Amino acid sequence: SQPILSNKSQMLGMPQYGLRDNLIKCELLKNEDAYTYIKNYSFFLGTYNVNGKNPKESLSPWLASTTTPPDFYLVAFQELDLSKEAFLFNDTPKEPEWMLAVYKGLHPDAKYAFVRTSSGNKGAVAIRFQFHNSDICVVNSHLAAHTEEFERRNQDFKDICRRMQFSPDDLTLPPLTIMKHNVVLWLGDLNYRISDLEVDHVKDLIAKKDFESLYNHDQLKRQMDEEVVFVGFTEGEIDFQPTYKYDTGSDQWDTSEKCRVPAWCDRILWRGKNIKQLHYQSHMTLKTSDHIWTSDHKPVSSLLEIGIKVVNEESYKRTFEEIVRHIDRLENDCIPSVSLSQREFHFQDVKFMQHQAKTVTVYNDGQVPCQFEFIPKLDEPSYCKPWLAANPAKGFLAQGASVDIDLEVFVNRSTAPELNSGQQQLEDILVLHLDRGKDYFISVTGNYLPSCFGSSLSTLCLLREPIQDMPLETIRDQVSNPETDKPQEIPKEIWMMVDHLFRNAKKQVRTSGLPFSHVLLSLLAGSNHSVSEALLLFLDALPEPVIPFSFYLQCLECCSDSSQCRQIISMLPQCHKNVFNYLTAFLQELLKYSAHNRLDVNILAPIFAGILLRSPTKQDSTEKRKVKEFFQHFLVQMPSDRDIHDKIPE
């Protein structure tokens, strides 16, 4: 009468197993070889940078290039849509066209069911799925371009691995990362180039088909040999010519002024056991006679034979029952216990938006597996203060096992104001609770360096020196007992950042192909980039925005009337009004040079409107439209508007 299920997560989810699920899961994973066997399945992996073009020819030479139909198709595209709308809304009308082209190009001897698609801009998208008893993660990435930027590509890879997370089916478990899967398949335009060879030498080696000599100068091979990136990954032997860069619609190497060196930009790698590559090749025939649509890349494919763990139903049932009996005995005999490597932690010189972490190792020194979790103290809503986090905050430890828990301190715009003013301190006590066991206490302290980020405009206007150089008591005295000198018109920090950008960046050409939400950040290079990023972060971190929360509803109500909008600004507290006028004058100045920087009102308004006129609660789409409409009035220069030179404070 009891079902036999191949998917163990379903069986463990049945009510009769209750609180012991984690124990059973751990033991099942440890004994997986007892109830699984390996069965091979074929996976076709394809990657293609299509350069924003539409599909005008059959993809069969690429997708149907195997003699027999594969069990899976995993197809990755880059630069599917380079239009502004795609970057702004993360949506593209070209996706259905390419989906249809893929469907038509699949191997004709089998029928396939669509599983999942994921869209994104430069960086990476990933999909995970469970097939029988194997967890598989597929990553499609488009890393940084240009020959000299290999270290940035390395960092892109590390950032993707660190930031990409999946929510597990069991919400009590921590998020899954890419490397937590049995099989990882990584493909895309990785943009690694050929180094230390002149372009003519490279072309000569290609003509001779001496790919082995050429491969020794491949940046990705060198970085993998040095174990800088893709540690644990494998790439098959490359015996095809570079896939980039061709004149559009031809097999001719780049004849543009830049004359780029050919390179194997488009790559396919894998990580995991029981994987064998059957072929790895490029597909040079995908071009048309009119030379209109074809990309400057060539598509690449790899056929992998992957050994998948398949559950033997009878063996699984027998193993499951043995584990349950074993856990029954342990539960009757033992109480969980752990030891901590350290119980007091101090974080020195914590700064705004700068992450710090320390590690406590929890070791299961008891006789049974145990489940741990950080729990809230009495009458507190969370287990820790908002500037603190424990990762993982809960988990499971087998007997004799240990886990490193990162205690992470991060001060953001919501927690900085009270720390700047001294109303809060970096002090907390964490309670680590063991299921059916006792509690352990961890003390966390630190000193926070006050910052202009998260400080109010009125406070900063009163301070003549950098806030970080002033003792907290002095700051309090100056705020509560202002000096006889009148406050500064605007904070010196805003003036320094805007003045730098005004002098160095107003004619800078915007880099194309980046999301609009980062237009100003990517508008500038070098130090200008850092300054513009700091300016937006500073404004976003203000505890009371430039247009105070109390004026928010009034602004929405009069958003369509320019004169009423300007009347509201005239009613703002003096320092807020000064800052608003100063910033809008700067933006008006940027717009004067739109022919150089390619900025216009429709670009600047969404960026600054949501920062200067923030909602005290979550905004809906109508409110966002009204906020943008309100702010647009101030980007159109009026006869009464003063030039930015006249708005520089004393």
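For the protein, an unreviewed UniProt entry supplies the name phosphoinositide 5-phosphatase and the organism Sinocyclocheilus rhinocerous. The record in UniProt for the protein states the following under Sequence similarities (unreviewed entry): "Belongs to the inositol 1,4,5-trisphosphate 5-phosphatase type II family."

Caption draft 1: View of the overall build of the protein. Scanning the protein for helices and strands turns up 22 helices and 19 strands. Among the 650 residues that make up the protein, the fraction classed as buried is 48%. For the protein, contacts bridging at least 24 residues in sequence account for 73% of all contacts bridging at least 6. Roughly 32,200 Å² of accessible area belongs to the protein as shown, and the carbon and sulfur atoms make up 49% of that amount.

Caption draft 2: Focus on the sheet that holds strand 10 (residues 300–311). A sheet is described by the order of its strands in space; here four strands give the open sequence 2-1-10-9, paired in mixed fashion. Of all strands in the sheet, those bounded by a partner on one side alone are strand 2 (72–78) and strand 9 (275–282). Shown here is a sheet whose adjacent strand axes are inclined to one another by a mean of 25°, direction ignored. Of the strand pairs in this sheet, strand 1 (residues 36–49) and strand 10 are connected by twelve bridges, and their pairing is antiparallel. The residue of strand 10 that forms the bridge with Thr47 is Val300.

Caption draft 3: Highlighting the packing of helix 19 (residues 574–592) against helix 21 (residues 601–612). Running from N to C, helix 19 and helix 21 cross one another at 165°; their axes reach a closest spacing of 11 Å. As judged from the angle between their axes, helix 19 and helix 21 are roughly antiparallel. Crossing geometry of helix 19 relative to helix 21 is assigned as right-handed. Here Phe580, Leu583, Leu587 and Leu591 of helix 19 come into contact with helix 21, specifically with Val601, Leu604, Phe608 and Leu612. When the residues that make up the contact of helix 19 with helix 21 are grouped by side-chain class, the tally is eight nonpolar, no polar and no charged.

Caption draft 4: Just a nonpolar patch on the surface, in detail. Residues Leu100, Tyr103 and Phe114 make up a contiguous nonpolar surface patch of about 310 Å² in total accessible area. Summarising the element assignment, Leu100 is placed in helix 5 (residues 94–105).

Caption draft 5: Focus on the packing of helix 14 (residues 492–504) against helix 19. Packing of helix 14 against helix 19 brings their axes to within 11 Å, and their N-to-C directions diverge by 10°. With respect to each other, helix 14 and helix 19 are oriented roughly parallel. Residue-level contacts link Ile494, Trp495, Val498, Asp499, Leu501 and Phe502 of helix 14 to Val579, Tyr582, Leu583, Phe586 and Glu589 of helix 19.

Caption draft 6: Spatial organisation of the packing of aromatic side chains. In total, this model carries 27 aromatic pairs according to the counting rule given. Relative to Trp98, the ring of Phe77 has its centre 5.0 Å away and its plane inclined at 50°; by these criteria the two rings are tilted. Linking Phe77 in strand 2 with Trp98 in helix 5, this pair joins segments that are 21 residues apart in sequence. For the pair shown, Phe77 and Trp98 are each scored as buried. Ring geometry for Phe374 versus Tyr383: centroids 5.8 Å apart, planes at 25°, classification stacked. In this structure, Phe374 and Tyr383 share a single accessibility class: buried. Among the aromatic side chains, those forming a connected cluster through ring pairs are Tyr41, Phe43, Phe72, Phe129 and Phe131. Across from the ring centre of Tyr246, 5.1 Å away, lies the NZ or CZ of Lys298, which sits over that ring.

Caption draft 7: Representation of the pairing of strand 14 (residues 370–375). By the alternation rule, side chains of strand 14 split into Cys370, Phe372 and Phe374, which are all buried, and Gln371, Glu373 and Ile375, of which none is buried. The sheet contact formed by strand 14 and strand 18 (residues 426–434) spans four bridges and is antiparallel. Bridge pairing in strand 18 links Glu373 to His433.

Caption draft 8: How the structure looks around the pairing of strand 8 (residues 266–271). In terms of burial, strand 8 is a largely internal element, five of the six residues being buried. Here strand 7 (residues 183–189) pairs with strand 8 via six bridges, running antiparallel. Residue pairing for strand 8: Asp189 is matched across the bridge by Asp266.

Caption draft 9: Molecular detail of the side chain of Asp296. Along the chain, Asp296 falls in the loop between strand 9 and strand 10. One polar contact links Asp296 to Lys245, side chain to side chain, over a distance of 3.5 Å. Excluding residues within four positions of it along the chain, Asp296 makes contact with Asn51, Thr243, Tyr244, Lys245 and Tyr246.

Caption draft 10: Representation of helix 7 (residues 199–207) in the model. Of all the positions in helix 7, only Val199, Val202, Leu205 and Ile206 are classed as buried. Angular distribution of buried residues about the axis of helix 7 spans 125°; they occupy a single face of the element. Exposed positions of helix 7 whose direction lies more than 90 degrees from the buried face are Asp200 and Ala207. With its phi angle positive at about 60°, Lys209 sits one or two positions after the end of helix 7.

Caption draft 11: Molecular detail of helix 5. Here helix 5 spans 17 Å end to end across twelve residues, near enough to the 16 Å set by a 1.5 Å rise per residue. Listed as buried for helix 5 are Lys94, Glu95, Trp98, Ala101, Val102 and Gly105. All buried residues of helix 5 lie within an arc of 125° about the axis, which places them on one face of the element. Opposite the packed face of helix 5, turned more than 90 degrees from it, sit the exposed residues Pro96 and Lys104. The inward-facing, buried residues of helix 5 abut helix 3 (60–63) and strand 2.

Caption draft 12: Structural context of unusual backbone geometry. The residue after Tyr244, namely Lys245, is reached through a cis peptide bond having omega 0°. Considering the arrangement of structural elements, one finds Lys245 in the loop between helix 9 (219–225) and strand 8. Between Asn391 and Pro392 the backbone carries a cis peptide bond, its omega angle lying at 0°. Mapped onto the elements of the fold, Pro392 is located in the loop between strand 15 (388–391) and strand 16 (394–397). Although it is not a glycine, Lys209 adopts a positive phi angle of roughly 60°. Relative to the elements of secondary structure, Lys209 occurs in the loop between helix 7 and helix 8 (211–215).

Caption draft 13: Molecular detail of the environment of Lys385. Position of Lys385 among the secondary structure elements: in the loop between strand 14 and strand 15. A relative accessible area of 24% means that Lys385 is categorised as partly exposed. For the pair Lys385 and Val409, spaced 24 residues apart in sequence, the C-alpha to C-alpha distance is 9.7 Å. Sequence-distant contacts of Lys385, that is, excluding residues within four places in its chain, are made with Gln424, Glu427 and Asp428. Separated by 3.1 Å, the side chain of Lys385 and the backbone oxygen of Glu427 make a polar contact.

Caption draft 14: View of the pattern of salt bridges. In the structure shown here, the tally under the stated rule is 20 salt bridges. A salt bridge links Lys377 to Glu380; its shortest N-O distance comes to 3.6 Å. Classification of Glu380 by relative accessible area gives partly exposed; the value is 34%. We note a salt bridge from Glu629 to Arg625, for which the minimum N-O separation is 3.6 Å. Residue Glu629 and its partner Arg625 are located together in helix 22 (residues 621–632), separated by four residues, close to a single helical turn. Under the relative-accessibility criterion, Arg625 is labelled partly exposed at 47%. Taken together, the shared-partner salt bridges in this structure form one network comprising Asp218, Glu235 and Arg267.

Each value, and the rule that gives it
- Residues numbered from 1 in each chain as written.
- Predicted model: local features only at pLDDT ≥ 70, side-chain atom pairs only at ≥ 80, totals over all residues.
- Heavy atoms only, no water.
- UniProt positions renumbered as here; feature names shortened; annotations may be inferred.
- Helix = DSSP H or I, 4+ residues; strand = E, 2+ residues; numbered from the N terminus.
- Buried < 20%, exposed > 50% of the residue type's maximum accessible area, 1.4 Å probe, protein only.
- Contact = heavy atoms within 4.5 Å.
- Areas by Shrake-Rupley, 256 points an atom, 1.4 Å probe, with all protein chains shown as cover.
- Pairing = 2+ DSSP bridges.
- Axes fitted to C-alpha atoms, helices over the stretch in contact; angles between N-to-C directions.
- Parallel < 35°, antiparallel > 145°, perpendicular 65-115°, else oblique.
- Left-handed = near helix turned anticlockwise from the far one by under 90°.
- Nonpolar A, V, L, I, M, F, W, Y, C, P; charged D, E, K, R; others polar.
- Patch = residues over 30% accessible without salt bridge, like charges linked within 9 Å, V, L, I, M, F, W, Y side chains within 5 Å.
- Salt bridge = Lys/Arg side-chain N within 4 Å of Asp/Glu carboxyl O.
- Phe/Tyr/Trp six-rings, centres within 6.5 Å; stacked < 30°, edge-to-face > 60°.
- Lys NZ or Arg CZ within 6 Å of the ring centre and 35° of its normal.
- Polar contact = N/O pair within 3.5 Å; in protein donor to acceptor, adjacent residues only side chain to side chain.
- Arc of directions from axis to C-beta.
- Expected span 1.5 Å × (residues − 1).

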